Amino acid sequence: MSTAAPPLPYLVIDFDSTFTQVEGLDELADIALRGHPDRARIVAEIKALTDGGMDGSVSFSESLRRRVALLPARREHLTELVAHLHTKVSESIRRNASFFRQHADRVYIVSSGFREFIEPVVAEFGIPARQVLANTFRFDDAGNIIGFDETNPLSRDGGKIEQLRELGLEGAEVFVLGDGYTDYQIREAGLADRFYAFTENVTREAVVDRADEVAPTFDEFLYQNKLPMTLSYPKNRIRVLLLENPDARAAELFKAEGYQLETVPGGLDEDELVQRIEGVSILGIRSKTQVTARVLEAANRLIAVGAFCIGTNQIDLVGCMKKGVAVFNAPFSNTRSVVELALAEIISLARRLPEKSEKMHRGEWDKSARGAFEIRGKKLGIVGYGNIGSQLSVVAEAVGMQVLYFDIAEKLQLGNARKVRTLDELLQEADIVTLHVDGRPDNQNLIGARELALMKPGALLLNNSRGHIVDVPALAEALRSGHLGGAAVDVFPYEPKSNDEVFETELRGLPNVLLTPHIGGSTAEAQRNIAEFVPERIIGYINAGNTQQSVNLPNIQLPAQQQAHRLIHIHQNVPGVLARINNVLAAHQVNILGQYLKTNEHIGYVITDVNREYDQDVIQALREVEHTIKFRVLY
Ligand SMILES: NC(=O)c1ccc[n+]([C@@H]2O[C@H](COP(=O)([O-])OP(=O)(O)OC[C@H]3O[C@@H](n4cnc5c(N)ncnc54)[C@H](O)[C@@H]3O)[C@@H](O)[C@H]2O)c1
Ligand SMILES: O=C(O)[C@H](O)COP(=O)(O)O
């Protein structure tokens, strides 16, 4: 019995806005009318006629006749147009050029555009002139385009149907791929088995509604039909859900990568997120959204979570790890913004600005120096000497403060900052205490009534870290009693879900208390930096398996993948998994070009670069290796 693969279906592909990103005639008009005083108006008119012909609102023949009549083009403009169209081939078509070169004999370009510019563009992909069916221009002796060959069926309504009939592809499957109504008509006439609405460049509702399938990219078409493709997985299948309004740059980067994007401007609570997470590959959040065990249970396709902020205490990091979900954050994109806010708060509280300003707004002129002091020479006690704490240390010294700090980890001492051995020591010595610890659960109520009592009378307290670090009722009492001279608080144990919710706290209305709505990182610079940093890490992980700077997966910085397929394997960290993976590879005689492994207490992350030629059974065998959490192949 023969085991030869069945022949490919014939692919009938439209040219304008499908094979290329643009409409050839529109571009020709743009070139031919360069320098013409009415260029914009005429080009717009031609484009409107193109659209009318494509969505079926103007008859095709009329649209063509009127467009060519408006076009003052000459033969030499076509040379420029062809050079331009070579650069405008649809990205997914160009990406899969090898598919076209290998299977050119099964591809027909059937277009109502013009042979003069289509033939040279598709020739680059190995598609011969005889497989291009298109219109032709008529020229006068001086080389001006004066019309088109009206005997060509493609210049008439229903022309594509007539051409397909003449081609006589009966006996084989025929698939049509295009963006226009005339492409759909081939299927409607029964001359094709399937019609794919190709939406990489334009989406026409009337066409999409009638399609058998929608192909946002050529990768998707190949994937659906199990045909050989350049990418291991169509990027349009990667769904991104972005919550809490990260800077628009994040959406831009994900879209440019070809991912599908959904955004929800506010946050979602747990129940809402459980409803929305199914099918999502990348979840983008900020500090508010809780990624809990329940959310992860419903997350059937999740590959990565992006925290568009520093803190990751809102995410079940271990739960993500056990599901093989990589978490990335932006560990220092808003550091400077928080430092600047802290400095502003220190000076504001030292000069009692909250009170002074409020009185002025009420019409009270209270010119007095009572309770106001310079910060020069004062002792700033920094609790948590990480990225923000240590950066603040440098800035505070620059304005003449004496810095002391306390951190549970050993840290590089910057400038003249002095390390103290205990939190109590710091609290007793500092004039101003500022909190910059991370949000780990152990830090709940790190500053309570006892700690507040240790602070110097009249001292100031700043919390720009996380709300649960401070016992808020105890802080309110210390302020009311006059023991503390003031406080600045940016983060709260409960923060409103949206700007519409009323904000409640015991601290409201207390003197010399600055309250801000979690805006430490809310600057244009920080938001822009974060919106680039996080998508870049996630895209690097999806495309190459790079986990550098992931907050929960073992960090591996990988060399560039060369002439290899990359096998990405996440497994439970139990003895023998690497050996099993390598046994499978050996049994299938797969040649290993490079292998990288890192483990932590829960999982192992192993990346194996292998020669591109291997028996596909090996992939299934690797998926079946015991203790596998996630497996994917990249090429
Ligand atoms: N207000 C905002 O908008 C805003 C913006 C950015 C970051 N943050 C928060 O600021 C905090 C600090 O951020 P970072 O980037 O400097 O973090 P980081 O991880 O670089 O530093 C945190 C430091 O705190 C130390 N630490 C943890 N627990 C401690 C404890 N109990 N006592 C003493 N030291 C302790 C750690 O060892 C570490 O050095 C985080 O909670 C973050 O979520 C808030
Ligand atoms: O963790 C952070 O970076 C800050 O808390 C800022 O969070 P946000 O982006 O939600 O304002």
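Bear in mind that the values here come from a model prediction, so they are computed numbers and not experimental data. (Residues numbered from 1 in each chain as written. Chains lettered and ligands numbered in written order. Predicted model: local features only at pLDDT ≥ 70, side-chain atom pairs only at ≥ 80, totals over all residues.)

Asker: Can you tell me about the site of ligand 1, naming the residues and giving the values?
Answerer: Of all residues adjacent to ligand 1, which total 30 residues, the nearest are Gly311, Gly384, Gly386, Ile388 and Gly520. Put simply, the parts of the chain that give the shell around ligand 1 at least two residues each are helix H17 (335–350) and helix H19 (387–398). The element contributing the most residues to the shell around ligand 1 is H19, with three residues. In terms of residue class, the shell around ligand 1 is made up of 11 nonpolar, 15 polar and four charged. (Near = placed C-beta within 6 Å. Helix = DSSP H or I, 4+ residues; strand = E, 2+ residues; numbered from the N terminus. Nonpolar A, V, L, I, M, F, W, Y, C, P; charged D, E, K, R; others polar.)

Asker: Would you mind going over the site of ligand 2 in detail, with residue names and values included?
Answerer: Every residue lining ligand 2 is accounted for by Arg286, Ser287, Lys288, Cys309, Ile310, Gly311, Asn334, His518, Gly520, Gly521 and Ser522. Its residues assigned to classes, the shell around ligand 2 comprises two nonpolar, seven polar and two charged. Here the shell around ligand 2 spans two domains, and each of domain 2 (238–328) and domain 3 (335–522) adds at least three residues to it. (Domains from an automatic or database assignment.)

Asker: Give a description of the pairing of strand E9 (residues 239–243) that names residues and reports values.
Answerer: Burial within E9 is extensive, with four of its five residues counted as buried. Two elements, E9 and strand E10 (residues 260–264), share five bridges in a ladder whose sense is parallel. Residue pairing in the sheet places Leu241 in a bridge with Glu262 of E10. For the handedness criterion, the β-α-β arrangement of E9, helix H13 (residues 248–256) and E10 is classed as right-handed. (Buried ≥ 20, exposed ≤ 12 C-beta atoms within 10 Å, placed from the backbone. Pairing = 2+ DSSP bridges. Right-handed = clockwise from strand over helix to strand, strands pointing away.)

Asker: How would you summarise the packing of helix H2 (residues 24–32) against helix H5 (residues 75–86) if you had to cite specific residues and measurements?
Answerer: Running from N to C, H2 and H5 cross one another at 125°; their axes reach a closest spacing of 10 Å. As judged from the angle between their axes, H2 and H5 are oblique. Crossing hand, H2 versus H5: right-handed. Residues Gly24, Glu27, Leu28, Ile31 and Ala32 of H2 lie in contact with H5, whose contacting residues are His77, Glu80, Leu81, His84 and Leu85. Across the contact of H2 with H5, the residue classes break down as five nonpolar, three polar and two charged. (Axes fitted to C-alpha atoms, helices over the stretch in contact; angles between N-to-C directions. Parallel < 35°, antiparallel > 145°, perpendicular 65-115°, else oblique. Left-handed = near helix turned anticlockwise from the far one by under 90°. Contact = placed C-beta atoms within 7 Å.)

Asker: I'd like a rundown of the environment of Ala342, residues and numbers included.
Answerer: With respect to the secondary-structure elements, Ala342 resides in helix H17. The exposure class assigned to Ala342 is buried, which follows from the 26 C-beta atoms found within 10 Å. Remark: the alpha-carbon pair of Ala342 and Thr434, spanning 92 residues in sequence, is separated by 8.0 Å.

Asker: Give a detailed account of the pairing of strand E11 (residues 282–285), specifying residues and quantitative values.
Answerer: With burial as the criterion, each face of E11 is covered, one bearing Ile282 and Gly284 and the other bearing Leu283 and Ile285. For the segment spanning E11, helix H15 (residues 293–298) and strand E12 (residues 304–307), crossover handedness is right-handed.

Asker: Hey, could you go over the nonpolar core for me, with residue numbers and the actual values?
Answerer: Ranked by internal contacts, the top residues of the largest apolar core, which has 60 residues, are Val12, Leu71, Ile109, Ile118, Val176, Leu177 and Tyr196. Of all the elements, strand E2 (residues 107–114) adds the most residues to this core, at five residues. When residues no more than four places from it in sequence are discounted, the contact partners of Tyr196 are Phe175, Val176, Leu177, Ala211, Asp212, Glu213, Ala215 and Phe221. Listed in part, the 55 residues of the second largest apolar core include Ala304, Ala326, Ile530 and Ile603. (Core = buried A, V, L, I, M, F, W, Y, C linked by C-beta atoms within 7 Å.)

This is a description of form; function is not addressed.
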